[in-house]
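Coordinate inspection notes
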Amino acid sequence: MAVAAYGVVANFALVATAIFNGVAQGAQPLVSECYGKSDKAGARKLLILGSCTALVLAAVLYGIIFGATDALVGVFNSESSAQMAQFAHMGMRLYFVGYFFAGFNIVAAGYLSATNRPVEASVTSICRGMVAIVACSLVLSRLFGMNGVWAAFPASELLTAVLTLFLLLRGKKQTA
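Computed from a prediction, not measured in an experiment: that's the story for all the values here.

Moving on, we come to the overall build of the protein. Counting its regular elements, the protein contains 7 helices and 0 strands. Ordered by position in the sequence, the α and β elements of the protein form the string α-α-α-α-α-α-α. The principal-axis extents of the C-alpha atoms in the protein amount to approximately 55 × 30 × 20 Å. Buried residues in the protein amount to 40% of all 176 residues. Entry remark: accessible area of the protein is about 9300 Å², with carbon and sulfur atoms responsible for 69%. The average position of the 11 basic charges and that of the 6 acidic charges among the side chains of the protein differ by 13 Å.

Shown next, in the form of structure tokens:
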């Protein structure tokens, strides 16, 4: 049942991730143009605009998820399993908190790539896509069981956001 519940959450997560990838990919050529013209202030402004857009989208997305959790779970619960619905209900609400951080991470990775900082962009992407999520999954599932599995995504995105913010600020100091 837990695997089926994860499948429900994963289907919605793919759509959410695609939305944030769209914001990052839409901003990336604009950031690259500013960077190419040595308009670092313009590039930073686009990073802030992209990050704010991602934050607003995360809030709207979470509002929809929180307000319609049962209806959304019901779309994939053709067998009307109460246990699967319960797992997915909690999973959706915990997991999607991570998009408040994931949006920033995705936009920032695009920004770093567009401003000729491929190492930092790769570190952000690898951290969020593999290292942090595996570490958080192992630790939090052991500590909190199934809720820890759901919380691993927001925790890993938060850790990645802290690392990414450090990389962004470090780069700002180096160019100053």
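Turning our attention to the nonpolar core. By size, the foremost hydrophobic cluster in this structure holds 40 residues, and its most contacted members are Phe20, Met92, Tyr95, Phe96, Tyr99, Tyr111 and Leu168. Within the residue set of this core, elements represented by two or more residues are α1 (2-36), α2 (40-67), α3 (69-76), α4 (82-95), α5 (99-114) and α7 (146-175). Broken down by element, the residue count for this core peaks at 11 residues, all from α1. If we ignore the near neighbours within four places in the chain, the residues touching Tyr111 are Val31, Ala43, Arg44, Leu47 and Leu168.

On average, residues of the protein score 94 in pLDDT, and 97% of them are at 70 or above. Across the protein, the element-wise mean pLDDT spans from 91 in α7 up to 98 in α5.

Here we come to α1. Taking 1.5 Å of rise per residue, the 35 residues of α1 would be expected to cover 51 Å, and the 49 Å separating its terminal C-alpha atoms lies within 8% of that figure. Remark: the principal bend of α1, roughly 30 degrees, maps to Gln28, with a proline, Pro29, within the next four residues. Residues of α1 that are buried: Ala5, Val8, Val9, Phe12, Ala13, Ala16, Phe20, Val23, Ala24, Ala27, Val31 and Cys34. In the stretch just after α1, Ser38 is the one whose phi turns positive, near 60 degrees.

Turning next to α2. Look at α2: 40 Å from first C-alpha to last across 28 residues, which is about the 40 Å you get at 1.5 Å a residue. Taken residue by residue, α2 has Gly42, Ala43, Leu46, Leu47, Gly50, Ser51, Ala54, Ala58, Leu61, Tyr62 and Ile65 as its buried positions.

What we call a disulfide is simply a covalent bond connecting the sulfur atoms of a pair of cysteines. One pass over the structure, following the stated rule, counts 0 disulfides. Here Cys34 stays unpaired: no disulfide links it, and the sulfur of Cys52, its closest cysteine neighbor, is 16 Å away. Classification of Cys34 by relative accessible area gives buried; the value is 15%.

We now examine the pattern of salt bridges. Within the structure shown, the criterion is met by 4 salt bridges. Linking Lys37 and Glu33 is a salt bridge whose minimum nitrogen-to-oxygen distance equals 3.2 Å. As a salt-bridge pair, Glu120 and Arg170 come within 3.2 Å of each other at their nearest N and O atoms. Residue Glu120 is located in helix α6 (residues 118-144), and its partner Arg170 is located in helix α7; the two are separated by 50 residues in the primary sequence.

Scoring rules and cut-offs
- Residues numbered from 1 in each chain as written.
- Predicted model: local features only at pLDDT ≥ 70, side-chain atom pairs only at ≥ 80, totals over all residues.
- Heavy atoms only, no water.
- Helix = DSSP H or I, 4+ residues; strand = E, 2+ residues; numbered from the N terminus.
- Buried < 20%, exposed > 50% of the residue type's maximum accessible area, 1.4 Å probe, protein only.
- Areas by Shrake-Rupley, 256 points an atom, 1.4 Å probe, with all protein chains shown as cover.
- Lys, Arg positive; Asp, Glu negative; His and termini not counted.
- Charge placed at Lys NZ, Arg CZ, Asp CG, Glu CD.
- Core = buried A, V, L, I, M, F, W, Y, C linked by side-chain atoms within 4.5 Å.
- Contact = heavy atoms within 4.5 Å.
- pLDDT = per-residue confidence, 0-100.
- Expected span 1.5 Å × (residues − 1).
- Bend = angle between axes of the 7 residues up to and from the residue.
- Disulfide = S-S within 2.5 Å.
- Salt bridge = Lys/Arg side-chain N within 4 Å of Asp/Glu carboxyl O.

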